[in-house]
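# Fold and geometry: a report
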Amino acid sequence: RMSSFLFKGKELSLLEISRKLNVCYILDGSIRKRGDIYKISFQLVDTLTGFNVVSDSFSREFDRLYDTEKSIVQTILGHFKFETTKKEEKQDYYLDPRAYDFYLKGKHYAFNWNMNAPKEAMKYYKQALDIVPNYSLALAGLSTIYTHMSIYQMGDEEEMMCKANEYAQKAVEADSNQAEGYVAKALAAFWTGNWFLPGFEENLKIALQLSPNNSEIRMFNGMNYLFNGDTDRALIEVKLAKTLDPYSVNIIIRLGLIYYVRRQYEDSYNTFLEMVGVEHYNAYSSQRLAWCCIRMNQFERALKHL
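Residues numbered from 1 in each chain as written. Predicted model: local features only at pLDDT ≥ 70, side-chain atom pairs only at ≥ 80, totals over all residues. Heavy atoms only, no water.

The next thing to look at is the overall build of the protein chain. A count of helices and strands for the protein chain gives 14 helices and three strands. Compactness check: the protein chain gives a C-alpha radius of gyration of 21 Å against a globular reference of 19 Å for 306 residues, within 12% of the reference. In terms of principal-axis extent, the alpha carbons of the protein chain reach across some 60 × 50 × 35 Å. Looking at the protein chain as a whole, 39% of its 306 residues qualify as buried. Residue pairs at least 24 apart in sequence account for 47% of intrachain contacts in the protein chain once pairs closer than 6 positions are excluded. Looking at the protein chain as shown, the accessible area adds up to about 18200 Å², and 51% of this sits on carbon and sulfur atoms. (Helix = DSSP H or I, 4+ residues; strand = E, 2+ residues; numbered from the N terminus. Rg over C-alpha atoms; globule rule 2.2 N^0.38 Å. Buried < 20%, exposed > 50% of the residue type's maximum accessible area, 1.4 Å probe, protein only. Contact = heavy atoms within 4.5 Å. Areas by Shrake-Rupley, 256 points an atom, 1.4 Å probe, with all protein chains shown as cover.)

Next comes the structure, spelled out in structure tokens:
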């Protein structure tokens, strides 16, 4: 999501986008609203030929919008003749679309981190929970927000971490098939115990089994290897995360740090260089670039960054 959204509204060809994202296919589409009806059109484009290999459109009322994502996925899987062996879980679909809408709004603010974002994110997560009281994704979102608030000292740290652990546990109990609950639980355990690795590792392992292609989980798994001193595995995991989400600032930061710890300062420098110009990260990237230059005895270059 984070990487693909960078290209929204930009005058780039699908071939250019595919090269930047390192993908063979691009899913494109639109949503139009007329009265109470939403019309969804989509096409899967083979970027080597430029042709649509799958395309379709359908109309839905709002209370059936939640099912559209699953319908599109099944259509695409059908084209590739890929059969999923995963059993359908009752809690997976269908959820109230109003709750899902509030959850997505909360997630939007959680991704756009600033001083006002936690309150906005919490407001939307709680509105989702007012509609679906045991909504696992919203509970996990609340847990992560409280963890960040504790880390950045935006209130009583102990109280924040208590709430983070409480909501993470509720998320897992509400739906044990959602990876987000275990990620929230891993982060809460890690920070509650001052870098408590057993709790972090245990929950990440479950999350990874549930969602092996989730870039964020791969990133955290890489950091777990780093904390355990295995920089080779750490590098593999975070490079995989970057392949899955190449323009994620969070992943770029972790990859740069791993290179730095491995004393691969040129690689670290080139990685942090990708962050230059990214809003809210100019000071951070300049500082990291300067440290890489210092380690390479390039002091004039370091001063320019500082």
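What follows deals with the sheet that holds strand β3 (residues 52-61). The strand order across the open sheet built from three strands is β1-β2-β3, with neighbouring strands paired in antiparallel fashion. Each edge of the open sheet carries a strand with a single partner, namely β1 (25-34) and β3. In this sheet, adjacent strand axes meet at a mean angle of 10° when their direction is disregarded. With 10 bridges joining them, β1 and strand β2 (residues 37-46) adopt antiparallel strand pairing. Within the sheet, the bridge partner assigned to Ile 31 lies in β2 and is Ile 40. Relative to β3, helix α2 (residues 68-79) is tilted by about 155°, and along the sheet it contacts β1, β2 and β3. (Pairing = 2+ DSSP bridges. Axes fitted to C-alpha atoms, helices over the stretch in contact; angles between N-to-C directions.)

Here we come to the packing of helix α3 (residues 97-111) against helix α4 (residues 117-131). The packing of two helices is summarised by the inter-axis angle and the distance between the axes. The contact between α3 and α4 brings their axes to 8 Å, and the two run at 165°. Taken as axis vectors, α3 and α4 run roughly antiparallel relative to one another. Crossing handedness for the pair α3 and α4: left-handed. On α4, the residues that touch Arg 98, Ala 99, Phe 102, Tyr 103, Lys 105, Gly 106, Lys 107, Tyr 109 and Ala 110 of α3 are Ala 117, Glu 120, Ala 121, Tyr 124, Tyr 125, Gln 127, Ala 128 and Ile 131. Taken together, the residues that form the contact of α3 with α4 break down as 11 nonpolar, two polar and four charged. (Parallel < 35°, antiparallel > 145°, perpendicular 65-115°, else oblique. Left-handed = near helix turned anticlockwise from the far one by under 90°. Nonpolar A, V, L, I, M, F, W, Y, C, P; charged D, E, K, R; others polar.)

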